[in-house]
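Listed here are the chains, written in short residue letters.
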Amino acid sequence: MSRKIFHELHAALMCADPDAKCTQVAALWRDWQAGVVFDRSAGPPHHIPDAGRPERPELVEPSALRSRRMGSREGHGAMIHAICHIEFTAINLALDAAWRFRELPDDYLADWLRVAADEARHFGLLRTHLRTLGYDYGDFPAHAGLWDMACRTAHDALIRMALVPRVLEARGLDATPPIMAKLRTIGDQAALGILDIVLADEITHVAIGDRWFRQLCAQRGLEPEPTFLRLFNEFDAPRLQPPVNEKARLEAGFSVDEIATLAAERRAPPGAG
């Protein structure tokens with residue numbers, strides 16, 4: 001009996017246990033690389049209001065997340081937990097990208113299987129480190145903003161590639177160096193080593209999203225950068241927060257002009273443009 005790739009992707013996506021999800025993702029990617037032939041037949045994808053996740057952490061609005069001082073044990077743990085939660089959600093985002101847009105070719109599927117496996121590895125590294133600090137995943141509240149964007153872009157692969165990899169994941173390129181600077185001040189060398197890995201991989205992930213966004217634009221006869229800016233504003237995507245990691249964004253496929261335009265959008269008043 002042949003293995004159905006979209007059935008297995010859906011099972012991993014809806015798995016609520018973090019360890020089991022990571023194991024399933026790693027196995028899928030390993031089998032794909034080994035040349036296992038999967039059956040791609042499947043019906044159309046359906047709406048998923050919430051992907052598989054454990055009961056904890058409690059999900060709250062971003063404004064409800066309490067700021068904690070990095071120098072305290074609790075603040076240190078909360079920071080690592082926040083990154084851990086982002087990486088867990090990123091597993092689901094990559095799985096959904098692979099499962100949902102099944103009209104795209106094997107190269108696309110392979111790219112997002114690889115991303116899911118990377119995110120699972122990041123989550124495992126961060127969770128292990130979090131446990132050394134006396135906490136575990138779920139011990140602090142978190143927010144669901146990343147998955148909300150997946151729901152809003154579920155109808156179109158081009159829009160998903162524009163607004164998840166090129167906005168949400170690209171924000172991680174900007175946010176990681178300042179976080180590393182804070183961790184450096186408290187001497188957390190283990191976390192710095194993990195974030196070095198995460199940042200290098202995330203540049204690749206954003207580049208994957210950028211490449212598919214540009215390919216889909218080309219197929220539809222659209223100019224990528226004006227299309228991205230239109231979608232960025234139409235969906236009221238999160239604005240750039242300085243400092244912008246221009247070097248990483250350029251490596252991931254952004255142009256100098258595009259970064260400058262996005263920075264100008266950040267300065268525009270609400271409703272402008």
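Up top you'll find the structure we're talking about.
Keep in mind the model is a prediction, meaning the values are calculated, not measured.

**A short note on the packing of helix α3 (residues 73–100) against helix α6 (residues 157–185)**
Across the interface, α3 lies against α6 with an axial gap of 12 Å and an inter-helix angle of 160 degrees. The pairing of α3 with α6 is recorded here as roughly antiparallel in orientation. Handedness of the crossing formed by α3 with α6: left-handed. Contact with α3, carried on its side by H76, M79, I80, I83, L93, D96, A97 and R100, involves R160, M161, V164, I179 and L183 of α6 and no other residues of that element. Class assignment of the residues belonging to the contact of α3 with α6 gives a composition of nine nonpolar, one polar and three charged.

**Considering empty space enclosed by the protein**
All chains considered together, the criterion is met by four cavities of 30 Å³ or more. One number sums up the size of the largest cavity: a volume of about 100 Å³. As for the largest cavity, its lining consists of D50, A51, R53, L59, H85, F88, T89, N92, H143, A144 and W147. Among the elements that take part in the lining of the largest cavity, α3 stands out by supplying four residues, more than any other. Looking at the lining of the largest cavity, its residues break down into five nonpolar, four polar and two charged. A volume near 70 Å³ is recorded for the second largest cavity. Looking at the second largest cavity, the residues that line it are A90, L93, A94, A97, W112, V115, E119, R160, M161, V164, P165 and E169. Those elements that provide at least two residues to the lining of the second largest cavity are α3, α4 (106–132) and α6. Top contributing element to the lining of the second largest cavity by residue count: α6, with five residues. Here the residues of the lining of the second largest cavity sort into nine nonpolar, no polar and three charged.

**Details of the environment of E87**
Along the polypeptide, E87 turns up in helix α3. Residue class for E87 comes out buried when judged on its relative accessible area of 4%. Linking E87 and A142, residues 55 residues apart in sequence, is a C-alpha distance of 12 Å. Setting aside residues no more than four positions away along its own chain, E87 makes contact with E119, H122, F123, L126, V198 and E202. A polar atom in the side chain of E87 sits 3.0 Å from the side chain of H122.

Reading guide: rules and limits
- Residues numbered from 1 in each chain as written.
- Predicted model: local features only at pLDDT ≥ 70, side-chain atom pairs only at ≥ 80, totals over all residues.
- Heavy atoms only, no water.
- Axes fitted to C-alpha atoms, helices over the stretch in contact; angles between N-to-C directions.
- Helix = DSSP H or I, 4+ residues; strand = E, 2+ residues; numbered from the N terminus.
- Parallel < 35°, antiparallel > 145°, perpendicular 65-115°, else oblique.
- Left-handed = near helix turned anticlockwise from the far one by under 90°.
- Contact = heavy atoms within 4.5 Å.
- Nonpolar A, V, L, I, M, F, W, Y, C, P; charged D, E, K, R; others polar.
- 1 Å grid on protein atoms, 1.4 Å probe; cavity = no way out; pocket = protein on both sides within 12 Å on 5 of 7 lines; lining within 4 Å.
- Points joined across faces, edges and corners; volume = space filled by probe spheres on them.
- Buried < 20%, exposed > 50% of the residue type's maximum accessible area, 1.4 Å probe, protein only.
- Polar contact = N/O pair within 3.5 Å; in protein donor to acceptor, adjacent residues only side chain to side chain.

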